[in-house]
Amino acid sequence: DTGVSQDPRHKITKRGQNVTFRCDPISEHNRLYWYRQTLGQGPEFLTYFQNEAQLEKSRLLSDRFSAERPKGSFSTLEIQRTEQGDSAMYLCASSPPDRFDEQYFGPGTRLTVT
Amino acid sequence: AQSVAQPEDQVNVAEGNPLTVKCTYSVSGNPYLFWYVQYPNRGLQFLLKYITGDNLVKGSYGFEAEFNKSQTSFHLKKPSALVSDSALYFCAVRDRGGSYIPTFGRGTSLIVHP
């Protein structure tokens, strides 16, 4: 398998701008997760999909955040009206249907809001 | 609620010596427990998991972890450390009867000295 890929790897944006990140999971992985990680912390859950259905969202996911997985393959995470507090590493992970507890993580997208 | 604590920010060990990275957890019911490793500029990689059964779990790269229910711990161990084991290690837990989403610890930086 080719692994989980994320694009872009780095994004610098000005406060108030919208940004969108993409995640391509491992093929045939039906679950896809988004996390946020800041320095010195572990990944914090944002949301997850099973196929195209968004099954759970964290309270961390404010109204400015939205995620989609329209065809059950790749996913996008959009942040509207970015704030400096949104600066973090955004991680995507996927897991297979027979071992859904084993998550495979991508390299992350580092967002810097200036 | 579920939570996990990694009491050490950093663990230093000499190459060839045994290593232990500590993790304690809290769940309402029975736990599923996980260890992940993060190398620089790489995504988190799954190492091992405890679901049920034998309290000693063996994983990738010669690592193992021991589940101790009375002490609510799941320490990661390796008999002989390698310099290449130097990385950030994350413990995670989820309640078997709860959400499918794990909660991650803050991570422990393992430094193996030659």
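Everything discussed here concerns the structure shown above.
Residues numbered from 1 in each chain as written. Chains lettered and ligands numbered in written order. Predicted model: local features only at pLDDT ≥ 70, side-chain atom pairs only at ≥ 80, totals over all residues. Heavy atoms only, no water.

A. Here's a closer look at the state of the cysteines. One pass over the full model with this rule turns up two disulfides over all chains. Note that Cys23 of chain A is cross-linked by a disulfide to Cys92 of chain A, the S-S spacing being 1.8 Å. Residues Cys23 of chain A and Cys92 of chain A are joined through a disulfide that is left-handed, its torsion about the S-S bond being -70°. Taken together, the residues span a long stretch of sequence, with Cys23 of chain A in strand β3 (residues 19-24) and Cys92 of chain A in strand β9 (residues 88-95) at a distance of 69 residues. On the basis of relative accessibility, which here comes to 0%, the residue Cys23 of chain A falls in the buried class. Cys92 of chain A gets classed as buried once you look at its relative accessible area, which sits at 0%. Between the sulfur atoms of Cys23 of chain B and its disulfide partner Cys91 of chain B the distance amounts to 2.0 Å. The sign of the S-S torsion, about -65°, decides the handedness of the disulfide formed by Cys23 of chain B and Cys91 of chain B: left-handed. Highlighted residues: Cys23 of chain B in the loop between β3 (19-21) and β4 (24-26) and Cys91 of chain B in strand β10 (residues 87-95), separated in sequence by 68 residues. (Disulfide = S-S within 2.5 Å. Helix = DSSP H or I, 4+ residues; strand = E, 2+ residues; numbered from the N terminus. Buried < 20%, exposed > 50% of the residue type's maximum accessible area, 1.4 Å probe, protein only.)

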